[in-house]
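The residues making up each chain are set out below.
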Amino acid sequence: ILNVEQSPQSLHVQEGDSTNFTCSFPSSNFYALHWYRWETAKSPEALFVMTLNGDEKKKGRISATLNTKEGYSYLYIKGSQPEDSATYLCASLYSGAGSYQLTFGKGTKLSVIP
Amino acid sequence: GAGVSQSPRYKVAKRGQDVALRCDPISGHVSLFWYQQALGQGPEFLTYFQNEAQLDKSGLPSDRFFAERPEGSVSTLKIQRTQQEDSAVYLCASSIRQGEVYEQYFGPGTRLTVT
């Protein structure tokens, strides 16, 4: 059973600040690492799917890095805006009994204060 | 295009009642997943369908939970004799197919409260 950990659990930042969160996962039998952004009452939105060690991906002001050897990923938000307020989930893809399953962390809840 | 939709969005059930939660995946997506998110936890895998075949049900917590996808599109998660510990958000996700690089697209979830 995979154990995916995210830190911090919650975070308050001022508008314009840059911030980052951590996702740690078992490095053995690694397949892929997914990041999602989940606003209250909406569907979780896929941000990145990362598979290669050293991979870096960027979407606007949000970027992510991946280290599969040591089992961690960082998500960075540059110049946070109030609309970035959401819960950010990471999930490691796990090969289960008959499927590729996502094992999620508990998320980092980001609040951006105007 | 249309995303994954789920209904109802909110459901309150009395303990012992049966409930049925519906998921409409993105058209053409072969893979369909159900997840359960309890309060304060991350989503946890329940079951997986490839077309109409349920290939993995290892995450279903008890035999009170049953899922089906009879025509390979719409899926229903049924919970019989609901218990308070069943209170959670139930998420459905679909994917073109399963594999390392394929994104799973999530619906907004159904929040089930058992009183």
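Counting restarts for each chain: residues are numbered from 1 in the order of the written sequence. By the order in which they are written, chains take letters starting at A while ligands take numbers starting at 1. This being a predicted model, a pLDDT of at least 70 is required before a residue's local features are given, and a value of 80 or more before pairs of side-chain atoms are given or counted; all residues contribute to the totals for chains, interfaces and linings. Working from all heavy atoms in the structure, the side-chain values ignore hydrogens and water.

Section: the overall build of chain A
What counts as a helix is a DSSP run of H or I of at least four residues, what counts as a strand is a run of E of at least two, and both are numbered from the N terminus. Per the secondary structure count, chain A includes zero helices and eleven strands. Atoms considered for the radius of gyration are the C-alpha atoms alone. The globule rule reads 2.2 Å times the number of residues to the power 0.38. On C-alpha atoms alone, chain A measures out to a radius of gyration of 14 Å, which is about the 13 Å that the 2.2 N^0.38 rule sets for 114 residues. For the C-alpha atoms alone, the extent of chain A along its principal axes is close to 45 × 30 × 20 Å. Here the term buried applies to any residue with accessible area under 20% of the maximum for its type, exposed to any over 50%, and partly exposed to those in between, with areas from a 1.4 Å probe on protein chains only. A burial count over chain A gives 47% of its 114 residues as buried. In chain A, once contacts between residues fewer than 6 apart in sequence are set aside, the share between residues at least 24 apart is 52%. For the area figures, the Shrake-Rupley method with a 1.4 Å probe applies, and any residue is considered shielded solely by the protein chains shown. Carbon and sulfur atoms provide 45% of the accessible area of chain A, an area that totals close to 5500 Å². For the purpose of counting charges, residues Lys and Arg are taken to be positive, whereas Asp and Glu are taken to be negative. His and the chain ends are not included. One atom stands in for each charge, and that atom is NZ of Lys, CZ of Arg, CG of Asp or CD of Glu. Chain A carries 10 positive and 10 negative side-chain charges, and their two centres are separated by 3 Å. In this description, contact between two residues means that some pair of their heavy atoms is separated by no more than 4.5 Å.

Let's talk about the interface of chain A and chain B
Taken together, the contact pairs 24 residues of chain A with 24 residues of chain B. Across the interface of chain A and chain B, roughly 1900 Å² is buried in total on both sides, 58% from carbon and sulfur atoms. The working definition used for a salt bridge is a side-chain nitrogen of Lys or Arg within 4 Å of a carboxyl oxygen of Asp or Glu. If you look at where chain A meets chain B, you find zero salt bridges. Any pair of N or O atoms that falls within 3.5 Å is considered a polar contact. Within protein, one atom must be able to donate a hydrogen and the other to accept it, and sequence-neighbouring residues count only if both atoms are side-chain atoms. Counting across the interface, chain A meets chain B through five residue pairs in polar contact (both at pLDDT 80 or more). If one sorts the elements of the side of chain A that touches chain B by residue count, strand S10 (residues 100–104) of chain A sits on top with four residues. In this classification, Asp, Glu, Lys and Arg are treated as charged, Ala, Val, Leu, Ile, Met, Phe, Trp, Tyr, Cys and Pro as nonpolar, and every other residue, Gly included, as polar. Residue composition of the side of chain A that touches chain B, by class: 14 nonpolar, eight polar and two charged. The term buried area refers to how much accessible surface (probe radius 1.4 Å) is lost by two components on association, counted for both of them together.

Structural notes on the side chain of Gln104 of chain B
Its place among the elements puts Gln104 of chain B in the loop between strand S9 (88–95) and strand S10 (105–106). Here Tyr35 of chain B takes part through its side chain, which lies 2.9 Å from a polar atom of the side chain of Gln104 of chain B. Setting aside residues up to four positions removed in sequence, Gln104 of chain B forms contacts with Tyr36, Leu93, Tyr100 and Leu102 of chain A together with Phe33, Tyr35, Ala93, Ser94 and Ser95 of chain B.

Things to note about the state of the cysteines
Residues and elements named next belong to chain B. Any two cysteine sulfur atoms lying within 2.5 Å of each other are counted as a disulfide. Here the structure, examined in full by the defined rule, presents two disulfides over all chains. Disulfide pairing is shown between Cys23 and Cys92; the S-S distance is 1.8 Å. The sign of the S-S torsion, about -65°, decides the handedness of the disulfide formed by Cys23 and Cys92: left-handed. Taken together, the residues span a long stretch of sequence, with Cys23 in strand S3 (residues 19–24) and Cys92 in strand S9 at a distance of 69 residues. The two residues Cys23 and Cys92 agree in class, both being buried.

Some remarks on the packing of aromatic side chains
Any Phe, Tyr or Trp ring, taking Trp's six-membered ring, that has another such ring centre within 6.5 Å forms a pair; planes under 30 degrees apart are called stacked, those over 60 apart edge-to-face, and the others tilted. Taken as a whole and assessed by the stated rule, the structure comprises 14 aromatic pairs over all chains. Between Phe33 of chain B and Tyr48 of chain B, the ring centres sit 4.8 Å apart and the planes meet at 40°, which makes this aromatic pair tilted. Taken together, the residues span a long stretch of sequence, with Phe33 of chain B in strand S4 (residues 31–37) and Tyr48 of chain B in strand S5 (residues 44–50) at a distance of 15 residues. In this structure, Phe33 of chain B and Tyr48 of chain B share a single accessibility class: buried. Taken together through their ring pairs, the aromatic side chains of Tyr36 and Phe104 of chain A together with Phe33, Tyr35, Phe45, Tyr48 and Phe106 of chain B make up a single cluster.

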